[in-house]
Amino acid sequence: MDVLTIDYAALVGAAACAWWALRRTRYSGVALLAGGLGFFTSPLWYPWIHKQDIPLVAAPPPLPAAQIWAPLAFFVITLGIVEIGRFTKKAALPVALLALLLIFVKTASAPWCDAANASTAARAAIGFGISYFVLRAIAAVIEASRGLLDGASALDVAGFIAFPPILSLGPIERASAFFREARKPFEFIQTIGGAAAGLCRIGEGMFKFIIVGEIARKYAEPFASNSIAFENLAPGALLTGIFSYSIYLYVNFSGATDMAIGASRLFGIKVCENFDIPYARPNLTEFWRAWHASLSTWLRDYLFFPIGKRMPRSLAPFAAPLVVMGICGLWHGVTQPFLAWGILHGAGLAAHQAWLKLRRASAALDTISGSIPGRTVMTVFTVFYVTFTWIFFAAPDLQTAFVHVKLLMLDAANAPKLLGIAAAAAALWSFIPGLRDRLRSTAASERVTLLSQMALHWRYNVDLICILVVAARFLLTKTAPEGGFVYNSF
Amino acid sequence: MSESGSIENPPGDFTALRLFILQRFAKRGTTSIDDRASLVKSGLVDSFGIVEIVSYIESEYHVRIADADVAPEHFENLNAIRALLARSPKY
């Protein structure tokens, strides 16, 4: 079952109702676990439900057994390993087992793997979000070993890992933060306001994901499908494709995250934010604080800190990001282009550390870098660098990536005007700190939750327009959105 | 900048670390850091900085900082770092 369907919305809604009914009891985890199990068993009941044609939802084709049972089996194994860790309060073995499970799935799903059954099973598990729930499980085991989950039962922890809104698309929430939210006292006004805010956030996410995503995808398609070659390169085609792909990835992922965060509010739970206007950042370090922040925080806490502190002090700022971002690349898929993408980001982070050292050594450089024009130039550079790295992210193999790099040079020479427009747009975007800060402050989870205040808050009125536009799109076209959630394939 | 004259608080075992943070992370022209001044949330010290401080503490003070203690909240200000230093076992 795709997570961005009416069916999944119904499943989340049913889990939310059950959660509110059981919230004050010790069995509240049952509601979340049942929601998660409903999702993992969907290959069994989904075809039966879709015997009748339902508008906007295509009837799924029959599935092989590995595809039906693997997601459920991997999920149950994950819960079992977490329980071992919770019971023993020792993290090493369960973390190693969970890491091995993820490594198995990632290698078996790689294009070069020729074990057909393992590959089918692994790809099915990835489609069901194993990359996300295993990372949440690892964090839960580590937190349990540090005594941070002492008040939580096995059912609570299983319910957390199965929490339907974020189950297969993130953010990678920490168990301790989740339980703090789940146990806070019930306040009727705040809860109703929070749920309304959640619905608005879902509308905002749908607008990004569907409306903006469809437009960006259209322009990104020639690049993303790797159909651009030397012989049919129209001036500007690759530049347009790459920048559109950059926008597409952002609206696709952050739109889906908005929906997940909004759906969590229907349970009265605020989960962590995952995006904070990442393309308006003056360096790669800040970019990673704003792009898929729950993953970068996870990598920081459980890989970067332990690896970095074991390296010589002079080596750590340069070697540790290369290692960690290399692993981050492989988390997306065990292929050479993903590894190259990760290493490019690691090298960029290391280069930023070297740049900071230069800044500290030179008063003039420090003054220029801290000025508005300096920050603008750095933001444009960061946007261009991140966009360049998407070439490796999107390529099926290194050869295609290098062809695209060569084509990009050619295209930039052929279409300097387009390059100039992209640079000017990025500069203008980073040059309006007032607008950026306003968007950032309202993009955060702390918004007004009283309905009377919401009616007057500009952001919620924009959300309402987003919902109307999405509704109009469905009524007029009567088609499901194309493309799906990109990060569900990692 | 002389080692003790640049520090507001009285010198002691912690002085070397205070100076290290001052010289390594503080903005240009800063001559002192208050014990409660924010380091991480203010952006002075980032993840790379935390790793650098941990390495410095371990090598200079001969203590072992546990992985569980390498977290931004333990490096938020000099007081938090002092508390971390005090509870970390010597080797």
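Keep in mind that this is a model prediction, so the values were computed, not measured.

(A) The overall build of chain A, seen in detail. Secondary structure summary: chain A contains 22 helices and 0 strands in total. Taking 490 residues into account, the globule formula puts the C-alpha radius of gyration at 23 Å, and chain A, at 23 Å, falls close to it. If one aligns the C-alpha atoms of chain A with their principal axes, the spans along those axes are about 60 × 60 × 50 Å. By the burial criterion, 52% of the 490 residues in chain A qualify as buried. In the structure as shown, chain A presents an accessible area of about 21300 Å², 71% of it carried by carbon and sulfur atoms. The centroid of the 40 positive side-chain charges in chain A is displaced by 7 Å from the centroid of its 27 negative side-chain charges.

(B) Focus on the packing of helix α10 (residues 188-224) of chain A against helix α11 (residues 237-265) of chain A. Residues and elements named next belong to chain A. Following both chains from N to C, one finds α10 and α11 inclined at 160°, their axes separated by 6 Å at the closest point. When the interaxial angle is binned, α10 and α11 end up roughly antiparallel. Regarding α10 and α11, the two cross each other, and that crossing is left-handed. Tallied by class, the residues present in the contact of α10 with α11 amount to 22 nonpolar, 11 polar and 6 charged.

(C) A look at helix α4 (residues 65-88) of chain A. All names here are of chain A. Over its 24 residues, α4 extends 34 Å from the first C-alpha to the last, a length consistent with the 34 Å expected when each residue adds 1.5 Å. Tucked into the core, α4 has its buried residues touching α2 (28-40), α3 (42-49), α5 (92-108), α6 (116-127), α7 (130-145) and α8 (154-161). Taken from the residues just after α4, Lys89 is the one with a positive phi, measuring 60°.

(D) Focus on the packing of aromatic side chains. All names here are of chain A. Scanning the model with the defined rule gives 47 aromatic pairs over all chains in all. With 5.4 Å between their ring centres and 85° between their planes, Phe338 and Phe490 make a pair best called edge-to-face. Linking Phe338 in helix α15 (residues 336-361) with Phe490 in the segment after α22 (458-477), this pair joins segments that are 152 residues apart in sequence. Judged by its relative accessible area of 8%, Phe490 falls in the buried class. Here the basic side chain of Lys106 rests over the ring of Trp331, its NZ or CZ set 5.2 Å away from the ring centre.

(E) Expanded view of unusual backbone geometry. Residues and elements named next belong to chain A. Geometrically, the link from Gly170 to Pro171 is a cis peptide bond, its omega value of 5° lying close to zero. Its location among the elements puts Pro171 in the loop between α8 and α9 (175-182). Phi at Lys89 is positive, roughly 60°, even though this residue is not glycine. Looking at the element boundaries, Lys89 is found in the loop between α4 and α5. Its relative accessible area of 39% is what places Lys89 among the partly exposed residues. Its identity is not glycine, yet His292 carries a phi of approximately 45°, on the positive side. Secondary-structure assignment places His292 in the loop between α12 (284-290) and α13 (293-309).

(F) Examining the pattern of salt bridges more closely. The tally for this structure, following the rule as stated, stands at 21 salt bridges over all chains. Here Asp301 of chain A makes a salt bridge to Arg300 of chain A, at a shortest N to O gap of 2.8 Å. Notably, a salt bridge pairs Arg87 of chain B with Asp69 of chain B, separated by 3.4 Å at the nearest N-O pair. Of the two residues, Arg87 of chain B sits in helix α3 (residues 78-87) while Asp69 of chain B sits in the loop between α2 (47-61) and α3, which places them 18 residues apart along the sequence. What makes Asp69 of chain B buried here is its relative accessible area of 17%. Linked through salt bridges whose partners overlap, the residues forming this network are Lys309 and Arg310 of chain A together with Glu58, Arg64 and Asp67 of chain B.

(G) Structural context of the domain arrangement of chain A. All names here are of chain A. As assigned here, chain A comprises domain 1 (6-184) and domain 2 (191-443). For domain 1 and domain 2, the distance between their C-alpha centres works out to 27 Å. If you look at the interface, domain 1 gives 33 residues, while domain 2 gives 28 residues. Between domain 1 and domain 2, roughly 2500 Å² of surface is buried when both sides are summed, and carbon and sulfur atoms account for 69% of that area. At the junction of domain 1 with domain 2, the criterion picks out 1 salt bridge. With a shortest N-O distance of 3.1 Å, Asp301 and Arg174 are connected by a salt bridge. Applying the counting rule to domain 1 against domain 2 returns 13 residue pairs in polar contact (both at pLDDT 80 or more). Listed by contribution, the elements that provide at least two residues to the side of domain 1 that touches domain 2 are α1 (6-22), α5, α7 and α9. Counting residues per element, the side of domain 1 that touches domain 2 draws most heavily on α7, at 7 residues.

Criteria and cut-off values
Residues numbered from 1 in each chain as written. Chains lettered and ligands numbered in written order. Predicted model: local features only at pLDDT ≥ 70, side-chain atom pairs only at ≥ 80, totals over all residues. Heavy atoms only, no water. Helix = DSSP H or I, 4+ residues; strand = E, 2+ residues; numbered from the N terminus. Rg over C-alpha atoms; globule rule 2.2 N^0.38 Å. Buried < 20%, exposed > 50% of the residue type's maximum accessible area, 1.4 Å probe, protein only. Areas by Shrake-Rupley, 256 points an atom, 1.4 Å probe, with all protein chains shown as cover. Lys, Arg positive; Asp, Glu negative; His and termini not counted. Charge placed at Lys NZ, Arg CZ, Asp CG, Glu CD. Axes fitted to C-alpha atoms, helices over the stretch in contact; angles between N-to-C directions. Parallel < 35°, antiparallel > 145°, perpendicular 65-115°, else oblique. Left-handed = near helix turned anticlockwise from the far one by under 90°. Nonpolar A, V, L, I, M, F, W, Y, C, P; charged D, E, K, R; others polar. Expected span 1.5 Å × (residues − 1). Contact = heavy atoms within 4.5 Å. Phe/Tyr/Trp six-rings, centres within 6.5 Å; stacked < 30°, edge-to-face > 60°. Lys NZ or Arg CZ within 6 Å of the ring centre and 35° of its normal. Salt bridge = Lys/Arg side-chain N within 4 Å of Asp/Glu carboxyl O. Domains from an automatic or database assignment. Buried area = accessible area lost by both parts, 1.4 Å probe. Polar contact = N/O pair within 3.5 Å; in protein donor to acceptor, adjacent residues only side chain to side chain.

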